[in-house]
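A structural walkthrough
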Amino acid sequence: MKSPLPAALVALVLGASVARADVPAANSTQCQGAAAGSACVTDDGAAGTCVAQLVSRFDYSEGVPPKTKQVELLLCVASASAAQATRAPTWLAGALLLLVMSGLIAVKLAGRRRSALA
Amino acid sequence: MSLAQAVLAPADAARSAALKVLAPWLAPLYADRHRRVRWLGIVSVVSAFALTGLAPLWSLALGPVLLGVPHLASDVRYLVVRPGLHRHAALVVLMGAPLLAASFGAGPAVGMLGVLPALFVGHRPRWSLRLAAALAGWAALSWAAWQAPFGFQLAFVHAHNLIAVALWWCFTSRPASAAWVPALALLGTAAIFAGALDPLVTASGGWSAPWTGTSFTEFVETTTPAMDATLAARLVLSFCFLQAVHYAVWLRLVPDDARARPAPRTFHASWLALVMDFGLAPLLVVVALALGVVAWGLVNLPGARLGYLQLAAFHGYLELAIAARWFVHGRAR
């Protein structure tokens with residue numbers, strides 16, 4: 001018996017709205033755990049450097065609704081001279097898609113040849 | 001006596017003694033597999049809800065470090081090894097490459113590529129409405145992942161906890177009363193969004209836990225989209241709750257459902273079954289990895305959690321790929 005749950009599952013995943021992420025200070029997540037001056041990649045994909053700056057941040061330590069406080073945070077600031085930071089190149093997805101598709105075609109062709117020989 | 005037997009014997013003896021004492025109360029719940037799994041599921045969901053209300057930051061910080069690697073192993077065991085998918089070399093390579101790339105920091109569009117081989121390898125190409133729906137779903141999700149990778153990751157991080165519950169539901173045929181488990185998980189999530197846990201978290205001082213090396217602010221910023229600040233905190237709480245449910249599904253419910261014999265077995269017997277499934281050497285690597293993450297957590301808890309999360313990036317796509325395969329071809333084929 002086929003359960004209707006798989007259909008519900010696909011609907012759930014498809015229905016999950018794609019979230020917009022601008023709560024974290026822009027360009028801040030890349031520098032979490034990094035030292036000032038470290039190379040990073042900005043939200044726009046440019047090479048940059050982690051620089052300490054004052055930003056406004058929510059403080060949930062006393063519950064909700066949170067208070068707001070000013071904190072010094074490392075932000076990734078675009079810089080032409082920054083060292084090239086590592087990031088998965090955009091062509092990687094395309095190359096892997098090509099690889100997967102070629103592999104699938106090869107597997108299917110091999111399967112057909114086996115069927116023909118049998 | 002083997003080393004494993006010697007190490008696990010005290011735990012088995014303690015478990016046996018506890019079961020003897022508790023038998024009058026537990027026997028009716030434990031004797032039947034379906035009933036046992038249902039009760040374990042309900043207790044797991046209720047415990048996850050309580051833990052989320054009492055110590056959310058500790059749960060978020062310690063959960064991945066203590067249970068992360070074992071749950072990944074369970075994921076692979078029941079989705080790949082038990083159905084024998086690891087014997088399809090083409091599937092291992094074609095699905096494994098994008099999933100591995102996801103764990104090495106490639107974007108979510110790359111991880112989504114793992115779904116395609118799961119749909120096609122090992123089956124004759126036969127077009128069906130389900131295959132068309134799965135391909136359309138894959139294309140839509142891949143497009144979203146390509147256009148807005150960070151937003152997609154956020155949505156996926158939250159959704160994958162529910163995927164595990166759905167996979168568990170589809171894992172075997174089960175009585176309708178088992179629906180209490182997903183129903184309670186959804187009810188708990190709704191209650192969290194309605195603010196039911198806010199007073200408990202405040203009373204327990206759970207909004208702050210400096211020893212974890214992290215804060216609610218950090219979780220709000222990294223796991224929620226732009227939204228009302230209070231709602232964002234509740235989304236973090238719901239993530240905490242569903243993550244605990246997700247772990248319970250993979251470490252408790254699915255193994256109980258998948259066991260050949262309906263009765264519970266000793267820890268030693270469980271270890272032998274793991275060796276049968278994985279082989280001793282790969283299993284020792286998994287154990288070393290699990291202990292390594294725990295040891296890392298003792299030195300640097302936030303670092304260990306982030307390191308584990310990077311390692312685990314593949315498993316959400318694996319779950320999605322197998323869910324799509326089950327959706328199109330049926331389970332375990």
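What counts and what doesn't
Residues numbered from 1 in each chain as written. Chains lettered and ligands numbered in written order. Predicted model: local features only at pLDDT ≥ 70, side-chain atom pairs only at ≥ 80, totals over all residues. Heavy atoms only, no water. Helix = DSSP H or I, 4+ residues; strand = E, 2+ residues; numbered from the N terminus. Buried < 20%, exposed > 50% of the residue type's maximum accessible area, 1.4 Å probe, protein only. Contact = heavy atoms within 4.5 Å. Areas by Shrake-Rupley, 256 points an atom, 1.4 Å probe, with all protein chains shown as cover. Salt bridge = Lys/Arg side-chain N within 4 Å of Asp/Glu carboxyl O. Pairing = 2+ DSSP bridges. Axes fitted to C-alpha atoms, helices over the stretch in contact; angles between N-to-C directions. Polar contact = N/O pair within 3.5 Å; in protein donor to acceptor, adjacent residues only side chain to side chain. pLDDT = per-residue confidence, 0-100. Expected span 1.5 Å × (residues − 1). Core = buried A, V, L, I, M, F, W, Y, C linked by side-chain atoms within 4.5 Å. Phe/Tyr/Trp six-rings, centres within 6.5 Å; stacked < 30°, edge-to-face > 60°.

Attention shifts here to the overall build of chain A. Secondary structure summary: chain A contains two helices and three strands in total. The secondary structure elements of chain A, listed N-terminal to C-terminal, are α-β-β-β-α. In chain A, which comprises 118 residues, the share counted as buried stands at 31%. Sequence separation of 24 or more characterises 48% of the internal contacts of chain A that already satisfy a separation of 6 or more. Total accessible area on chain A stands at roughly 7,400 Å², and carbon and sulfur atoms take up 60% of it.

Once that is clear, we can look at the pattern of salt bridges. With the rule as written, the count across this model stands at 10 salt bridges over all chains. Put simply, Glu221(B) and Arg57(A) hold a salt bridge, and the shortest N to O gap is 2.8 Å. A residue pair is termed interchain when its members come from two chains, as with Glu221(B) in helix H11 (residues 216–223) and Arg57(A) in strand E2 (residues 47–59). For the pair Glu221(B) and Arg57(A), one class covers both residues: buried. The closest approach of N and O atoms between Asp277(B) and Arg82(B), which form a salt bridge, is 2.8 Å.

Turning our attention to the sheet that holds E2(A). Residues and elements named next belong to chain A. Strand order in the open sheet formed by three strands is E1-E2-E3, and the pairing between neighbours is antiparallel. The open sheet has two edge strands with one neighbour each: strand E1 (39–41) and strand E3 (67–78). Each strand axis lies, on average, 40 degrees off the axis of its neighbour in the sheet, ignoring direction. Of the pairings in the sheet, the one linking E1 to E2 comprises three bridges and is antiparallel in character. Bridge pairing in E2 places Cys40 opposite Gly48.

Let's shift gears to the side chain of Glu319(B). All names here are of chain B. Turning to its location among the elements, Glu319 is positioned in helix H16 (residues 313–329). In this structure the side chain of Glu319 is engaged in a polar contact, spanning 3.1 Å, whose partner is the side chain of Trp250. The contact partners of Glu319, leaving out residues within four places of it in the chain, are Asp75, Leu79, His160, Ile163, Ala164, Leu167, His246 and Trp250.

This brings us to the confidence of the model for chain B. With 99% of its residues at a pLDDT of 70 or more, chain B has an overall mean of 91. Within chain B, no element has a lower average pLDDT than helix H1 (residues 3–30) of chain B, which sits at 87, and none a higher one than helix H9 (residues 180–193) of chain B, at 96.

This part is about helix H7 (residues 129–147) of chain B. The terminal C-alpha atoms of H7(B) lie 27 Å apart, and with 19 residues this matches the ideal 27 Å at 1.5 Å per residue to within 8%. For H7(B), the set of buried residues is Leu131(B), Ala134(B), Leu135(B), Gly137(B), Trp138(B), Leu141(B), Ser142(B), Ala144(B) and Ala145(B).

Residue and element names in this part refer to chain A. Summarising the element assignment, Gln70 is placed in strand E3. Look at Gln70 and you get exposed, because its relative accessible area is 54%. Sequence separation between Gln70 and Gln30 is 40 residues; the distance between their C-alpha atoms is 19 Å. Dropping the residues within four chain positions of it, Gln70 is found in contact with Leu54, Val55 and Ser56.

Moving on to the nonpolar core. Ranked by size, the top nonpolar core spans 98 residues in total, and within it Met112(B), Leu119(B), Trp168(B) and Phe216(B) carry the most contacts. Of all the elements, helix H12 (residues 229–258) of chain B adds the most residues to this core, at 17 residues. Setting aside chain neighbours within four positions, we find Phe216(B) in contact with Tyr60(A), Pro56(B), Leu57(B), Gly206(B), Trp207(B), Ala233(B), Val236(B) and Leu237(B). Ranked by size, the runner-up nonpolar core spans six residues in total, among them Ala4(B), Trp271(B), Phe278(B) and Leu283(B).

Okay, the packing of aromatic side chains next. Residue and element names in this part refer to chain B. Tallying each qualifying case throughout the model produces nine aromatic pairs over all chains. Seen in terms of ring centroids, Tyr78 and Phe171 are 6.3 Å apart; in terms of plane orientation they differ by 85 degrees. Their pairing is edge-to-face. Taken together, the residues Tyr78 in helix H3 (residues 56–81) and Phe171 in helix H8 (residues 149–171) connect sequence positions 93 residues apart. Overall, the relative accessible area of 7% leaves Phe171 in the buried class.

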